Amino acid sequence: MNINQSLAQRDLAVLWHPCTQMHDHETLPMIPIKKGRGVWLEDFEGNRYLDAVSSWWVNLFGHANSHINAALKDQLDHLEHVIFAGFTHESAIKLAEKLVEVTPIGLTRCFYADNGSAAVEVALKMSFHYWRNQGRPAKTKFITLENSYHGETLGALAVGNVPLYKETYAPLLMDVITVPGPDCYHREVGESWAEYSIRRFELMEQTLQQHADTVSAVIIEPLVQCAGSMRMYDAVYLKLLREACDKYQVHLIADEVAVGFGRTGTLFACEQAAITPDFMCLSKGLTGGYLPLSAVMTTDVMYQAFYDDYVKLSAFLHSHSYTGNALACRAGVATLEIFQQQGIIEKNRSLIQTMTKVAARFHDHPHVAEVRQTGMILAIEMVKNKATREPYPWQERRGIKVYQYALSKGVLLRPLGNVVYFMPPYIITEEELILLAEVAWQGIQHAVKA
Ligand code: PMP
């Protein structure tokens, strides 16, 4: 038995992995990783895997990035963590200052939590609590979009809409108002993304008009519904939504957990609609993919609504033990330094074009219904019938076949159902993108034949 095999065996004896039917590992090998360098992961037998999904969309500048490594080593010698109530530290302050600087104008307050779902919970609670503090306790409902995803904790799951994750737990979840979304995969032939997004907004407008008195906030993934099969829409939807939320006095929560930090081509997706949400949830890329941390950015209006004498009991008492963890915050500071010092958003423009170029051939593939791209996110929708867009039955698990094939060729692609996507670290080279596209092509060929 080699080291890979013995670690896999020990793992399967004691561990329970996320988002996994563990029974699959009777046939799928568990892959123990020895080290990561740049876009490459390496196992104990020297096999290398190109991390085309940025390890669940978190990694931005490669594994073992020298700038983030150095910052963390320095932080480790000074402070690993300190209680974040009554105490503070420089890395938390610096990161908050930088986030206020780079997020849309008007977001002047930063509340830390430790993962994306927790950030969503914070935003939902803050929104409801704001209205309560304002003497409007009837605003208890949330509006969400069809096909949305906001995390796995019960509140976050309730405002999500992907049946695979939600249905089992439905009896445990709060009621939400779900509005048909602007997912442009469903637009008519000849209809533009913007036209479809505007048309679909009418349903949101009607819902807001009808429920304004009882709705606290609308929560949305700006531009790309990532876990919902990388479905995309036009920024005009966000612009209209901001206007309508103002009109009906409903908060707008922008969940940029997945799309933030450059994924859509701008540092934040909301920039493309030139809007400022009332709450912006950030995580994943926040630490460059190093450590769990999240932040909810909000406005002074929100902050002031909680600021009063203690005896009024209007404070936001939500807390997590690891709030503002010093190592995580320092990784966040180092990550934003890389963006600023290396002009990453500018540099990514040519990478985005290269992604478009390498994926061009997929448009004509007989089992590809759509190739869509928003910035650094590119998705290829595999279907059974290109003309009718009839999907492959999910039970056939075509995506897993692509996954397995790609692994055998040294690429980590992890399709969402029948959607193969690229969401690579920003240090990927043109040659690596060409390799990635070739392996994806062969993987799809393999999967559609099987
Ligand atoms: N919101 C969005 C938009 C996400 O994509 C995710 C995770 N994929 C989350 C929230 C939840 O983040 P976490 O997994 O860190 O809890």
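What to know about the packing of helix H8 (residues 193-211) against helix H9 (residues 236-248)
Moving on, step 1. Relative orientation of the contacting elements H8 and H9 amounts to 20 degrees, with a least axis distance of 9 Å. On the basis of the axis angle, H8 is roughly parallel to H9. Here H8 and H9 pass one another in a crossing that is right-handed. Facing H8, whose interface residues are Ala 194, Ser 197, Ile 198, Arg 200, Phe 201, Met 204, Glu 205, Leu 208 and Gln 209, H9 presents Val 236, Tyr 237, Leu 240, Leu 241, Ala 244, Cys 245, Lys 247 and Tyr 248.

Details of the packing of helix H3 (residues 66-78) against helix H11 (residues 326-342)
Moving on, step 1. The interhelical angle for the contact between H3 and H11, taken along N-to-C directions, is 145 degrees, at an axis separation of 9 Å. Crossing of H3 over H11 shows right-handed handedness. Judged by residue contacts, His 67, Ile 68, Ala 71, Leu 72, Asp 74, Gln 75 and Leu 76 of H3 engage Ala 326, Leu 327, Arg 330, Ala 331, Ala 334, Thr 335, Glu 337, Ile 338 and Gln 341 from H11.
Moving on, step 2. Residues of the contact of H3 with H11, tallied by class, amount to nine nonpolar, four polar and three charged.

Brief notes about the site of the ligand
Moving on, step 1. The full set of residues close to the ligand is Trp 57, Asn 115, Gly 116, Ser 117, Tyr 149, His 150, Gly 151, Glu 221, Asp 255, Val 257, Ala 258 and Lys 284.
Moving on, step 2. The separation between an oxygen atom of the ligand and a polar side-chain atom of Asn 115 is 3.4 Å.
Moving on, step 3. In the model, a nitrogen atom of the ligand is placed 2.6 Å from a nitrogen or oxygen of the Asp 255 side chain.
Moving on, step 4. Look at the ligand: alone it shows 390 Å² of surface, and the protein chains cover 82% of it.
Moving on, step 5. Residue composition of the shell around the ligand, grouped by class: four nonpolar, five polar and three charged.

Looking at the sheet that holds strand E11 (residues 279-282)
Moving on, step 1. One open sheet accounts for seven strands, arranged E4-E12-E11-E10-E7-E5-E6; its pairing is mixed. Each end of this open sheet is capped by a strand with a single partner; those strands are strand E4 (107-113) and strand E6 (177-179). The mean angle between the axes of side-by-side strands here comes to 20 degrees, regardless of whether they run parallel or antiparallel.
Moving on, step 2. Alignment of strand E5 (residues 141-145) against E6, held across three bridges, turns out to be parallel.

Overview of the sheet that holds strand E1 (residues 33-37)
Moving on, step 1. Ordered by their spatial adjacency, four strands build an open sheet running E1-E2-E3-E15, and the pairing between neighbours is mixed. This sheet does not close on itself; its edge strands, each paired only once, are E1 and strand E15 (411-412).
Moving on, step 2. Across four bridges, E1 lies against strand E2 (residues 40-43) in antiparallel orientation. Each bridged residue has a counterpart across the sheet, and for Gly 36 the counterpart in E2 is Leu 41.

Considerations on the domain arrangement of the chain
Moving on, step 1. According to the domain assignment, the chain contains domain 1 (31-64 + 344-447) and domain 2 (69-342).
Moving on, step 2. Relative to domain 2, the C-alpha centre of domain 1 lies at a distance of 26 Å.
Moving on, step 3. Each partner contributes to the interface: domain 1 provides 32 residues, whereas domain 2 provides 31 residues.
Moving on, step 4. Buried area between domain 1 and domain 2, both sides added, is near 2,700 Å², and the carbon and sulfur share of it is 60%.
Moving on, step 5. In this structure, the connection of domain 1 to domain 2 is made through two salt bridges.
Moving on, step 6. Its salt-bridge partner being Arg 187, residue Glu 370 comes within 3.1 Å of it at the nearest N-O pair.
Moving on, step 7. Run the count over domain 1 and domain 2 and you get 16 residue pairs in polar contact (both at pLDDT 80 or more).
Moving on, step 8. Elements with a minimum of two residues in the side of domain 1 that touches domain 2: helix H2 (54-57), helix H12 (344-358), strand E13 (368-374), strand E14 (377-382) and strand E16 (419-422).
Moving on, step 9. Within the side of domain 1 that touches domain 2, the residues separate by chemical class into 20 nonpolar, seven polar and five charged.

Some words on the packing of aromatic side chains
Moving on, step 1. With the rule as written, the count across this model stands at 15 aromatic pairs.
Moving on, step 2. Here the aromatic rings of Phe 111 and Phe 316 are separated by 5.3 Å at their centres, their planes lie at 75 degrees, and the arrangement is edge-to-face. With Phe 111 in strand E4 and Phe 316 in the loop between helix H10 (300-306) and H11, this residue pair connects regions lying 205 residues apart in the sequence.
Moving on, step 3. On the accessibility criterion, Phe 316 (16% relative accessible area) is buried.
Moving on, step 4. Centre to centre, the rings of Phe 201 and Tyr 237 are 5.2 Å apart; their planes meet at 80 degrees, and the pair counts as edge-to-face. Placement of the pair is Phe 201 in helix H8 and Tyr 237 in helix H9, with a sequence separation of 36 residues.
Moving on, step 5. Residue classification places Phe 201 among the buried positions, given a relative accessible area of 5%.
Moving on, step 6. A network of ring pairs unites the aromatic residues Phe 61, Phe 261, Phe 268, Phe 339 and Tyr 426 as a single cluster.
Moving on, step 7. Between the NZ or CZ atom of Arg 48 and the centre of the ring of Trp 40, over which it lies, the distance is 4.2 Å.
Moving on, step 8. Above the face of the Tyr 185 ring, Arg 389 is positioned so that its terminal group lies 4.1 Å from the ring centre.

Parameters at a glance
- Residues numbered from 1 in each chain as written.
- Predicted model: local features only at pLDDT ≥ 70, side-chain atom pairs only at ≥ 80, totals over all residues.
- Heavy atoms only, no water.
- Axes fitted to C-alpha atoms, helices over the stretch in contact; angles between N-to-C directions.
- Helix = DSSP H or I, 4+ residues; strand = E, 2+ residues; numbered from the N terminus.
- Parallel < 35°, antiparallel > 145°, perpendicular 65-115°, else oblique.
- Left-handed = near helix turned anticlockwise from the far one by under 90°.
- Contact = heavy atoms within 4.5 Å.
- Nonpolar A, V, L, I, M, F, W, Y, C, P; charged D, E, K, R; others polar.
- Near = heavy atom within 4 Å.
- Polar contact = N/O pair within 3.5 Å; in protein donor to acceptor, adjacent residues only side chain to side chain.
- Areas by Shrake-Rupley, 256 points an atom, 1.4 Å probe, with all protein chains shown as cover.
- Pairing = 2+ DSSP bridges.
- Domains from an automatic or database assignment.
- Buried area = accessible area lost by both parts, 1.4 Å probe.
- Salt bridge = Lys/Arg side-chain N within 4 Å of Asp/Glu carboxyl O.
- Phe/Tyr/Trp six-rings, centres within 6.5 Å; stacked < 30°, edge-to-face > 60°.
- Buried < 20%, exposed > 50% of the residue type's maximum accessible area, 1.4 Å probe, protein only.
- Lys NZ or Arg CZ within 6 Å of the ring centre and 35° of its normal.

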